[in-house]
Amino acid sequence: MEKESLMTAMKNSISEVLEMMFFLPIDLPDIALSEGLWGSVTGDILSARLGFSGPFSGYFIFCVPEKLAASLTAGFLGRGEDSITENHVTETVTEILNMIAGNTFSILDNQSVFDLDIPEMVSFDDIRNRQNSSDNTIVIPVNTLENPLELQMIINT
Amino acid sequence: MAFNVLIVDDSFSMRAVIKRTIKASGFNIGKFFEAQNGIEALNILNEEWLDLVLTDYNMPEMDGLALITEMKKTENMQDIPVVMITTEGSKQRVAEFIAKGAADYIKKPFTPEEIRQKLNRIMGETDDGEGILDDGDEELDF
């Protein structure tokens, strides 16, 4: 699978999910900007992981600052941020990843079947410390008005 | 006519959003029921009068396809229409849903308009395009 096609599908999927379900305007900057993505973020960063298998296999990683995740959750549920729980936030983060991943494959190739695992929360530090080869990793940085977020796809080799 | 609807999804956030979206769509709702997986759904289906089931595909314990299979084997459940609400979008997977007995499927992400059109068609209701509320008009209840 061509990396360029995967990147395009991932970007389109992110736009559709965040704008249609979360009414979140986004900007997809050049990939080179991603290196300093987390520098300006204060507070914790939440990460979720979702494995997939099909014509090729691997996993997605979705990283989002906790503050932005809380704001997205409040909007998603139509509630004030003061009334949402940690559980609401983690469920929303994993659901965002689930929707983006499934939608990516629908956009990429709706003739092929990809099986998605149940998404799970993982440690952001573990993600950062893991060195993946750039050959099998696609990173899509996303800017929002509040904070950045990031989607990665790591393909098993 | 108002319809009793069962929403089956392991994410309570997603169940809440589906409820909210259906309410916003203007589809004629009687009562909502909720289940976290296929097993819970079957228990509710055994106890309550339901007109429609909306189910996720990928769930622990019992997934959406297994739920449909069980419903089709059970006399008092086999005629209740089931709609898959899922991130799965491959033609082969959709064909599998329909072959197992799903009435239709709704792909996430979805809009209130898509929900209303599909549900009205399945339930034989006239779709006049009215009744769509501005999203966010209704606060979710848990």
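Refer to the structure printed above.
Residues numbered from 1 in each chain as written. Chains lettered and ligands numbered in written order. Predicted model: local features only at pLDDT ≥ 70, side-chain atom pairs only at ≥ 80, totals over all residues. Heavy atoms only, no water.

Student: Looking at this model, I keep getting lost on the pairing of strand β6 (residues 137-144) of chain A. Mind explaining?
Tutor: The side chains of a regular strand alternate, first on one face of the sheet and then on the other. All names here are of chain A. Among the 8 residues of β6, 6 are classified as buried, and the element is accordingly described as predominantly covered. With 2 bridges joining them, strand β1 (residues 26-27) and β6 adopt antiparallel strand pairing. Its bridge partner lying in β6, D27 is registered against N143. As judged from the 7 bridges shared by β6 and strand β7 (residues 148-155), these two strands associate in the antiparallel manner. Bridging across to β7, T137 finds its partner in I154. Where β6 hands over to β7, the hairpin turn is made up of 3 residues, counted between the paired strands. (Buried < 20%, exposed > 50% of the residue type's maximum accessible area, 1.4 Å probe, protein only. Helix = DSSP H or I, 4+ residues; strand = E, 2+ residues; numbered from the N terminus. Pairing = 2+ DSSP bridges.)

Student: How should I be thinking about the nonpolar core in this particular structure?
Tutor: Residues F22(A) and L54(B) are the most contacted members of the largest nonpolar core, which totals 65 residues. When residues in this core are grouped by element, the largest group, 9 residues, is from helix α3 (residues 86-108) of chain A. Leaving out residues up to four positions away in the same chain, F22(A) has contacts with V17(A), L72(A), F76(A), T92(A), I96(A) and M99(A). L50(B), V82(B), M84(B) and F97(B) belong to the second largest nonpolar core, which has 25 residues in total. (Core = buried A, V, L, I, M, F, W, Y, C linked by side-chain atoms within 4.5 Å. Contact = heavy atoms within 4.5 Å.)

Student: Just to check I follow, could you spell out the pairing of strand β2 (residues 29-35) of chain B for this structure?
Tutor: Of the strand pairs in this sheet, strand β1 (residues 3-8) of chain B and β2(B) are connected by 5 bridges, and their pairing is parallel. Within the sheet, the bridge partner assigned to L6(B) lies in β2(B) and is F33(B).

Student: Is there a simple way to explain the interface of chain B and chain A in this structure?
Tutor: Size of an interface, as often reported, equals the accessible area lost when the parts are brought together. Taken together, the 27 residues of chain B in the interface contact 29 residues of chain A. For the pair chain B and chain A, the summed buried area comes to about 2400 Å², and 55% of that belongs to carbon and sulfur atoms. The largest per-residue losses of area from chain B upon contact with chain A belong to F12(B), T87(B) and P109(B), which jointly make up 22% of the total buried on that side. In this structure, the connection of chain B to chain A is made through 2 salt bridges. Note that D115(A) is salt-bridged to R93(B), the shortest N-O span being 2.2 Å. Looking at the side of chain B that touches chain A, the element that brings in the most residues is helix α1 (residues 12-25) of chain B, giving 6 residues. Residues of the side of chain B that touches chain A, tallied by class, amount to 10 nonpolar, 8 polar and 9 charged. (Buried area = accessible area lost by both parts, 1.4 Å probe. Salt bridge = Lys/Arg side-chain N within 4 Å of Asp/Glu carboxyl O. Nonpolar A, V, L, I, M, F, W, Y, C, P; charged D, E, K, R; others polar.)

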